[in-house]
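# Overview (structure and organization)
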Amino acid sequence: MGKTALIFGISGQDGSYLSRLLLTKGYRVAGSSRDAQMSRFSNLIHLGIRDQVEVQSASLNDFRSVLQVLKKVRPDEVYNLAGQSSVGLSFDQPVESFESISIGTLNLLEAIRFLEAPIKIYNAGSSECFGNTDGHPADELTPFRPRSPYAVAKAAAFWQMANYREAYGLFACSGLLFNHESPLRPQRFVTRKIVTAACRIAAGMNEKLELGNISVERDWGWAPEYVEAMWLMLQQDNPDDYVIATGETNRLEDFVDGVFTSLGLNWREHVRTTRDLLRPTDILTVRANPGKAARELGWKARNKMRDVARMMVKEEKATFESR
Amino acid sequence: MRKALITGITGQDGAYLAEFLLKKGYEVHGIKRRASLFNTDRIDHLYQDPHESERTFLLHYGDLTDSTNLIRIIQQVQPDEIYNLAAQSHVKVSFETPEYTANADALGALRLLEAIRILGLEKKTRFYQASTSELYGLVRETPQNEQTPFYPRSPYAVAKLYAYWITVNYREAYGLFGCNGILFNHESPLRGETFVTRKITRGLARIKLGFQNVLFLGNLDGKRDWGHARDYVELMWLMLQQKKPKDYVIATGRQFSVREFVSVAGQELGFDIRWEGEGVEEKGYDKKTDRCIVAVDPRYFRPTEVDALLGDSSLAREELGWEPKISFEEMIAEMVAHDLREAERDLLCRREGFFVPNGIE
């Protein structure tokens, strides 16, 4: 009998790639969305797997709803990828960010305890928890210094996971994933915004791309690879937390350059920076040390920033030209 | 007249802080939760009749889980300083009520910070957040100072971690004058009866007078840095008087186990306690009578224990010129004297035929 996985947040980028991965591994895949009847699941459709996954309505803020979907699906593994996912938006919706991220994780942990079933759980942590590390590569022991309501809520969720693992022996893992991109990223994420605008400009549109601080440094990886790490964590003998990243840091300017260069353009002619897009507090540099994931999970990022930029452009161009 | 608003005014720290600020000449406003029973015994001595003019001590009904209520109170009061001392503050209880604890302790702090912003009071109102040594949990270094990384070990500590960082974030993002006081354990005769120190002094006093036979405790090996709450509230105020907002550790720098606390408290009452056995079998005997007066009950163990905490408050001592004035032994003597007096009152009532509730948990 194959295993069953339940993915909260299945309609997002990671949920969709994870569904595809688990389907190829022979899992029965179920997923939840706040309103499954209203969701278009365009990412699942995009990947051509919409009819292979069961979808359920569930809200992580509502304990009854979480319990009900767990009872119905009876999963072996739960992946919690749901929750408000934008750092920028969290400054405008701090309470909602806490409720969807932190109370949501708590409800899930409590529901699993309540059912007394050996359900393994993965929770999406975030590299945002680290904040500015002064150039030191962050690993699993690096103290958190969160810089946004989103990051503070993710830090609380991370510790809830650790506490339920230690207090009640749950098989609970957090992945501290650094930025991971793909063509399924929504437009409000800067990478996708850059790729889309650059493709329009390459197609002859007369427009300028407006960006905030382009000297920020990030570690960008390829989302379809990162979901493998999530799955690997739940296949180990013991539950633990892992940093997932490429280990390579680049400036946003370099990503912009990667995108425009692959379209034969010079970004300097098309980009305008504006103070309006700056965040109240931002992280300047992130650096990651994914050594533990390589040692213990045998996981390593194959695609680095330039590959990510190139692949995103390729797919964007294809959709653009097919319109 | 400067105005202060205290959440959690009916608690131990709220009562001491209110008294302190009134002496400093503040107009003190407090928020208390509506309850069907009186819950103001710690501040009754500060109460001023509503019919008096020029009152300087005022209470408002409110709740940290109600945003609009908080916004309205802050709008009315227009405080210069807000002290957020309200919380579900019991570590053990937080394992049973994790969601409520998150709502009151984590979101409660956020709701206050948001209220300050929504009312445009960022430049006027200073904010103190009651943070806790429980943040250090499974300690990463000893002693703990402001740079020591956190490792929370309970739903209470995780909720307080959120409140800590959201206070830092609002300071950095919006320039709000917000400070965290990372207070190590602080006790007093006003400490709630279900907290271990008060449970010990009260329990031993009642054993002394024959109300109770045995004091049941959880982890006797737990080591803490115990100060006096009256010393610590001064620090809260001092932090908000500085030029720049910052976070400070407040501690005595001395560490004692729960067992040692029991022994010292016992001595105050003339008990010389001999410890025998190990783990759940450990017992404390009064040497004179050879009677077992202290025993371990595993029900008080926590799913994840915090073994040892010891604070390094050098920063507060250097920058704020603060020193704790009341020693560990003096504090216990004060607590024991208070609880013995209460037990004597109960004994008197009982002797005169009045019903005396036992109030053991």
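Residues numbered from 1 in each chain as written. Chains lettered and ligands numbered in written order. Predicted model: local features only at pLDDT ≥ 70, side-chain atom pairs only at ≥ 80, totals over all residues.

## With respect to the overall build of chain B
Applicable threshold: Secondary structure is summarised from DSSP: a helix means a run of H or I of at least four residues, a strand means a run of E of at least two, and numbering begins at the N terminus for each. A radius of gyration in this sense is built from C-alpha atoms; the matching globule rule multiplies 2.2 Å by the number of residues raised to 0.38. A residue is called partly exposed when the number of other C-beta atoms within 10 Å of its own lies between 12 and 20, exposed at 12 or fewer, and buried at 20 or more, with C-beta atoms placed from the backbone. Once C-beta atoms have been placed from the backbone, residue pairs whose C-beta atoms lie within 7 Å are recorded as contacts.
In terms of regular secondary structure, chain B is built from ten helices and 15 strands. Its C-alpha atoms give chain B a radius of gyration of 21 Å, within 12% of the compact-globule value 21 Å for 361 residues. Projected onto the principal axes, the alpha-carbon positions of chain B cover approximately 65 × 50 × 40 Å. Scored against the burial criterion, the 361 residues of chain B give a buried share of 46%. Counted over contacts in chain B with a minimum sequence separation of 6, partners at least 24 positions apart contribute 75%.

## Observations regarding the overall build of chain A
Assigned secondary structure in chain A consists of eleven helices and 13 strands. Taken over the C-alpha trace, chain A has a radius of gyration of 19 Å; the compact-globule value for 323 residues is 20 Å, and the two agree within 12%. Its C-alpha atoms put chain A at 60 × 45 × 40 Å along the principal axes. Looking at chain A as a whole, 49% of its 323 residues are labelled buried. Here the analysis covers contacts within chain A between residues at least 6 apart in sequence; of these, 79% occur between residues at least 24 apart.

## Here we look at unusual backbone geometry
Here the residue pair Thr142 of chain B and Pro143 of chain B is connected by a cis peptide bond, since its omega of -5 degrees sits within 30 degrees of zero. Its identity is not glycine, yet Phe41 of chain A carries a phi of approximately 50 degrees, on the positive side. You can see Phe41 of chain A is positioned in the loop between strand E2 (28–33) and helix H2 (42–46).

## A short note on helix H9 (residues 252–262) of chain A
Inspection of H9 of chain A places Phe255, Val256, Asp257, Gly258, Val259 and Phe260 of chain A among the buried residues, and these make up the whole buried set. Packing partners of the buried residues in H9 of chain A comprise helix H7 (190–202), strand E12 (250–251), strand E13 (271–273) and helix H11 (305–322) of chain A.

## Here's the deal with the sheet that holds strand E15 (residues 291–296) of chain B
Residue and element names in this part refer to chain B. Stated precisely, the cut-off is as follows: Each pair of strands is called paired provided DSSP finds at least two bridges between the two strands. Under this scheme, a helix contributes an axis fitted over its contacting stretch, all axes are lines through C-alpha atoms, and angles between N-to-C directions fall in the 0 to 180 degree range.
With mixed pairing, the four strands of this open sheet are ordered in space as E8-E15-E14-E13. Two strands bound the open sheet, and with one partner strand each, they are strand E8 (215–217) and strand E13 (273–276). Across this sheet, the average inter-strand angle for adjacent strands is 25 degrees, counted without regard to direction. Relative to E8, helix H6 (residues 196–208) is tilted by about 160 degrees, and along the sheet it contacts E8 and E15. Packing against the sheet, helix H8 (residues 258–268) makes contact with E8, E13, strand E14 (283–286) and E15, and its axis sits at approximately 150 degrees to E13.

## Thoughts on the packing of H8 of chain B against helix H10 (residues 328–351) of chain B
When two helices pack together, their arrangement is given by the angle between the helix axes and the distance between those axes. All names here are of chain B. The condition is simple: Angles below 35 degrees are treated as roughly parallel, those above 145 as roughly antiparallel, those between 65 and 115 as roughly perpendicular, and all remaining angles as oblique. Definitions for this section: a left-handed crossing has its near helix turned counterclockwise from the far helix by less than a right angle. A right-handed crossing has that turn clockwise. All residues other than Ala, Val, Leu, Ile, Met, Phe, Trp, Tyr, Cys, Pro, Asp, Glu, Lys and Arg, Gly among them, are scored as polar; the first ten of these are nonpolar and the last four charged.
Two elements in contact, H8 and H10, have axes whose closest approach is 9 Å; the angle formed by their N-to-C orientations is 55 degrees. It follows that H8 is oblique to H10 by the angle criterion. Crossing geometry of H8 relative to H10 is assigned as right-handed. For the pair H8 and H10, the contacting residues are Val264, Ala265 and Glu268 in the first and Glu329, Ile332, Ala333 and Val336 in the second. Of the residues in the contact of H8 with H10, the class split is five nonpolar, no polar and two charged.

## Observations regarding the nonpolar core
We apply this condition: By our criterion, buried Ala, Val, Leu, Ile, Met, Phe, Trp, Tyr and Cys residues that link up through C-beta atoms within 7 Å make up a nonpolar core.
Membership of the largest hydrophobic core comes to 164 residues, with the highest contact counts inside it found for Ala155, Ala156 and Ile244 of chain A together with Ala106, Leu161, Tyr162 and Ile250 of chain B. The contacts of Tyr162 of chain B, once residues within four sequence positions are left out, are Ser102, Val152 and Ala156 of chain A together with Ala106 of chain B. Leu217, Trp226, Phe261 and Ile293 of chain B belong to the second largest nonpolar core, which has 22 residues in total.

## Regarding the sheet that holds strand E3 (residues 54–57) of chain A
Two modes of strand pairing occur in sheets, parallel and antiparallel, and in both the strands are linked by backbone hydrogen bonds. Residue and element names in this part refer to chain A. Read from one edge to the other, the open sheet built from seven strands follows the order E3-E2-E1-E4-E5-E6-E11, with strand pairing classed as parallel. At either end of the open sheet lies a strand with only one pairing partner, and these are E3 and strand E11 (242–244). Between one strand axis and the next, the sheet turns by 25 degrees as a mean value, whatever way the strands run. Relative to strand E6 (residues 172–177), strand E5 (residues 120–126) is paired through six bridges, and the arrangement is parallel. Counterpart to Ile121 in the pairing with E6 is Ala172.

## Things to note about the interface of chain B and chain A
When the parts come together, some accessible area is lost, and that loss is often what is quoted as the size of the interface. Taken together, the contacts link 23 residues of chain B with 24 residues of chain A. For the side of chain B that touches chain A, the secondary-structure elements that each account for two or more residues are helix H4 (98–118) and helix H5 (155–174) of chain B. It is H5 of chain B that provides the largest number of residues to the side of chain B that touches chain A, a total of ten residues. When its residues are assigned to classes, the side of chain B that touches chain A shows 16 nonpolar, three polar and four charged.

## Focus on the pairing of E6 of chain A
Residue and element names in this part refer to chain A. As a reminder, the rule being used: Think of it like this: strands point away, you trace from the first strand over the helix to the second, and a clockwise trace means the crossover is right-handed.
Among the six residues in E6, six count as buried, and that is most of the element. Residues Ala172, Ser174 and Leu176 of E6 are buried on one face, and the alternating residues Cys173, Gly175 and Leu177, pointing to the opposite face, are buried as well. The handedness of the E5 to E6 crossover, carried by helix H6 (residues 149–168), is right-handed. In this sheet, E11 lies alongside E6 in parallel orientation, the contact comprising three bridges. Counterpart to Gly175 in the pairing with E11 is Tyr242.

## What to know about the confidence of the model for chain B
Our working rule: pLDDT measures how confident the predictor is about each residue, on a scale from 0 to 100.
Looking at chain B as a whole, the pLDDT averages 95, with 99% of positions reaching at least 70. Both scores are given for the predicted complex: the pTM is 0.91, the ipTM 0.86.

## Some points on the packing of H6 of chain B against H8 of chain B
All names here are of chain B. Contact geometry for H6 and H8: axes closest at 10 Å, N-to-C directions at 30 degrees. Our pair here, H6 against H8, has a crossing hand that is right-handed. Between H6, through Val196, Thr197, Ile200, Thr201 and Leu204, and H8, the contact on the second element is made entirely by Val258, Phe261, Val262, Ala265 and Gly266. In the contact of H6 with H8, the residues fall into seven nonpolar, three polar and no charged.

## With respect to the environment of Ile244 of chain A
All names here are of chain A. Mapped onto the elements of the fold, Ile244 is located in strand E11. Its 28 C-beta neighbours within 10 Å are what place Ile244 among the buried residues. When the C-alpha positions of Ile244 and Leu177 are compared, they lie 4.7 Å apart, and in sequence the two are 67 residues distant. With sequence-adjacent residues up to four places away left out, Ile244 is seen in contact with Gly175, Leu176, Leu177, Phe178, Tyr226, Ala229, Pro290 and Ala293.

## Section: helix H1 (residues 13–24) of chain A
Residue and element names in this part refer to chain A. Threshold: For a helix, the expected span equals 1.5 Å multiplied by the number of residues minus one.
The end-to-end C-alpha distance of H1 is 17 Å, a good match for the 16 Å that twelve residues give at a rise of 1.5 Å each. Counted residue by residue, H1 has nine buried out of twelve residues, so it is predominantly covered. Here H1 has its buried residues at Gln13, Asp14, Gly15, Ser16, Tyr17, Leu18, Ser19, Arg20 and Leu22. Next to the buried residues of H1 lie strand E1 (4–8), E2, H2, strand E4 (77–80) and helix H8 (223–233). Of the residues trailing H1, Gly26 is marked for its positive phi of about 85 degrees.

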